[in-house]
Amino acid sequence: MPRVRRRAVITGLGLLTPLGQDPESFWNALRAGTSATRRISYPDASPLPCQLSAEVGPFKPKDLIQHPDPTKAKTFQKQVNNLMARTVVMGLCAGQLAFRQAKLSLTEGIIPERFGVEFGAGMIASELDDLGRAARMSVDPETKRPELKHWGTVGIKEIPPLWMLKYLPNMPSCHVSITLDARGPSNTHTLSDAASLMALGEAYRIIERGACDLFVVGGTESKMNPLSLARHNLFQMLSKRHHEPEKAHRPFDRDRDGSVLGEAAAALILEELDRAKARQATIYAELVGFASGVDRTRDGKVMANVIRKALHEAQIEPSQVDHVNAQGLATPFSDRWEAKAIHEVFGDKTPVWCLKGNLGTSGAAAGAVELLGSTLALHHNEVPPTINCEHPDPECRIAVHNQGIKPLQKPYVVKLSFTDMGQTAVAVLKKWE
Amino acid sequence: MRRIVITGMGAITPLGNSPKELYSNQLEGKSGAGPIFRFDAKTFPTTFASQVKGFDLAQHIQGSEAFTQCGLNTKFALAAARYALEDAGLLQNSKVNRERIGVYLGSGEGSHDFPNLSAALAAGTPESGFKVDPVAFWKSALATFGPQHEYEMEMHTTSGRLANYFDLQGPNYTCQTACAASGQAIGEALELLRRGDCDIMISGGSHSMIHPFGVSGFNLLTTLSLRNHEPTKASRPFDLNRDGFVLGEGAGMIVMEELEHAQARGAHIYAELVGYGTTADAYRVTDSHPDGRGAAECLRLALQDAGLKPEDVDYINAHGTSTQVNDRAETIAIKHVFGEQAYKTPISSSKSMLGHLICAAGVVEMITCVMTIQNGVMPPTINYETPDPDCDLDYIPNTAREKKVNVAVSNSFGFGGQNVSLVVKRFQ
């Protein structure tokens, strides 16, 4: 007798995005075709080649994050302020929001050992103020530069003692597991733009094999930090459309000229189906397929194969897919590469939706945030438009959905994410009915 | 369930650049520690580390000039992967479907460009005061940082470089769970193979944190040994006078393969991976749980996964970092799962000789377990001089010991509370 396959469904959503800090406002902003890109919030960003960004508005971690032990609430809030970089705080907020939105409770119904956390995260850059004094004190009177011999004696003493712990990429998942008492598997995927989709895929596999019943899956990334901004301006192709920020990130548009750096955190609750049913949870969608692979020749062939593998796992044909939720980095090369892969599997009729025109690119968080968009689309039976794709690039032979709100016509959605090195992740969601 | 075996191994470590050297140096009880030569650390609180000596990528792979801007982590990984794939007969082997070969690394980031980053920071910091002016910082940083260097620091590049260079088109994962990373990578790769997502995975890790920010960070956390006067005696897991770990660096890679696939192509089989357990402490980011709660549970899960009992385990390669907290908690965890059997099970810490390879620690210790099964000699825990009443198990003190080992367990516990145990067995 074949083993009954354990199924995984999405039962909770939490997010902090430039377009809203709860699923409803996020969804409304997408429906309205809003772009979050603005001039960057630094008063003077003149040295930066790209001075645009899509930032998360003010939020109060205090109101969003709780510690299970109320007697520790005060020291915990201190930890949040001093021990967690912005990326970490955002990830923790999203994780806790998803947990509460799923109506899960810390005090009943959860076996800690069967509750895990999987996050996508990237390099978390040090805040300048944590290191500036150390560097200044290490300047040698002769060479006029910071020197290691001074750094080791006087410089190092100027750095906060727990400095390193603030920035480790596994901290978002660690803090989620600590505050929600999740003692099952905990992993952090660092595969750049594909990171949070890889986290989702792994959680799915773990639930399927029976090692866990419940996961917080998420992604978090903020580049709104001078060191990150400097680094990404150096190696990433970013838009220079300073005269019209809201139109800067233009996925699959013929006039695209690069990405806009955004920041976001998103988390979802992935739950074994019987468990979700037993507690009468609201089910948003079912995760029915996942695959990963590397398109090293950059011609879209292997990327297409990865999509096919995910469809095969979902036991569906391309014609059953309502829309492909694309990566759409909006660089000349990347969109063409992606379009080739999508075209090879779906031809030029299946609608393609991309959220980066609205949100910019949030790296390791992007896969999770964008997947959340399609999850809401399945839930609400409609698909908001791709914005800023005003003149679709004829070399991208795909049907970008760029006009109005489209009714959901088919029950499946494909989410595609990949890195500049060709590492590709694909997830297939099914509408829950 | 599909059975998964190891068919290739490669290692770039402070104790040698092959599994054989790595293992035989451990049997001799050699330490890889010495004064730091990667940068001028003479005034740092800790002035020594366990470093890979005389490494030149050009001696290990062809076309190494394409990787000059890569971090040491990526360079170590490329070299170790080359040997593992060659050992498994998979370098340029077109008979094997390259879309069925995946990569799962637990690997770290590259290192910051200290001279230019510190200069940019200094340029932005007033003589008195703490607030750094971003404009001054950017002006300096954008003019001096190397774009390719900054790109190669990103964590997806290591597994990406491997996939692109060696033509490995299957599933590609990178995880970063600190000191548990490469153990976790091997465990999850095992599950991907069992499930049938691919037939072969190259798994392991690579890391070097022996740079000014790495050593500063660990020194500030007071986790590094300060025994500057005798580096080779500094890593002393389970010894009463242990005072922290010794920072190491390097890479290890193993080729994991579905059994029938390996047999069909006549591959040499080193051992079989039979068990994996993983948990989170969910306790604190700064300390592991004092009772080894998560560690005990993952050990139990790994044995259960392998269908084995504590008395079936012949040897444990401990996480054994040489910090006060870890070694005590790990001892408690082993006792908790093994009961009386804990006292009869030989345990040693490779970190006493290799130092702590952080993300790469788990895989190098797994390779040590495989070599132990193959050769029948268990490496020692060196520098074990004064017993700690809290750590009262058999840690194979100071000299290697002969024993036929059929089943070995390798533990890895990460900063932040991730725990991994792996069980490897003689192939029969």
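What this report covers is the structure whose coordinates are included nearby.

The rules we used
- Residues numbered from 1 in each chain as written.
- Chains lettered and ligands numbered in written order.
- Predicted model: local features only at pLDDT ≥ 70, side-chain atom pairs only at ≥ 80, totals over all residues.
- Heavy atoms only, no water.
- Axes fitted to C-alpha atoms, helices over the stretch in contact; angles between N-to-C directions.
- Helix = DSSP H or I, 4+ residues; strand = E, 2+ residues; numbered from the N terminus.
- Parallel < 35°, antiparallel > 145°, perpendicular 65-115°, else oblique.
- Contact = heavy atoms within 4.5 Å.
- Nonpolar A, V, L, I, M, F, W, Y, C, P; charged D, E, K, R; others polar.
- Phe/Tyr/Trp six-rings, centres within 6.5 Å; stacked < 30°, edge-to-face > 60°.
- Buried < 20%, exposed > 50% of the residue type's maximum accessible area, 1.4 Å probe, protein only.
- Lys NZ or Arg CZ within 6 Å of the ring centre and 35° of its normal.
- Left-handed = near helix turned anticlockwise from the far one by under 90°.

1. A short note on the packing of helix 1 (residues 23-31) of chain A against helix 14 (residues 366-380) of chain A
Residue and element names in this part refer to chain A. It is the contact of helix 1 with helix 14, at a shortest axis distance of 11 Å, that shows an interaxial angle of 85 degrees. On the basis of their axis angle, the class for helix 1 and helix 14 is roughly perpendicular. On helix 14, the residues touching Pro23, Phe26, Trp27 and Leu30 of helix 1 are Val369, Gly373, Leu376, Ala377 and His380. Looking at the contact of helix 1 with helix 14 residue by residue, the class counts come to seven nonpolar, two polar and no charged.

2. Remarks on the packing of aromatic side chains
Applying the stated rule across the entire model yields 18 aromatic pairs over all chains. Where Trp151 of chain A meets Phe114 of chain B, the ring centres are 5.0 Å apart and the plane angle is 85 degrees; that geometry is what we call edge-to-face. Taken together, the residues Trp151 of chain A in helix 6 (residues 148-155) and Phe114 of chain B in helix 3 (residues 114-124) connect one chain to another. You can call Phe114 of chain B buried: its relative accessible area is 6%. Members of the aromatic cluster, connected to one another through ring pairs, are Trp151, Trp163 and Tyr167 of chain A together with Phe114 and Phe213 of chain B. Just above the ring of Phe130 of chain B sits the side chain of Arg133 of chain A; from NZ or CZ to the centre is 5.5 Å.

3. A short note on the packing of helix 2 (residues 72-87) of chain B against helix 6 (residues 156-166) of chain B
Residues and elements named next belong to chain B. One can describe the packing of helix 2 onto helix 6 by two numbers: an axis separation of 10 Å at closest approach and a directional angle of 40 degrees. Our classification of the angle between helix 2 and helix 6 gives oblique. The element helix 2 and its partner helix 6 pack so that their crossing is right-handed. Listed contacts from helix 6 to Asn73, Thr74, Ala77, Leu78, Ala81, Arg82 and Leu85 of helix 2 are Thr157, Thr158, Arg161, Leu162, Tyr165 and Phe166. Tallied by class, the residues present in the contact of helix 2 with helix 6 amount to seven nonpolar, four polar and two charged.

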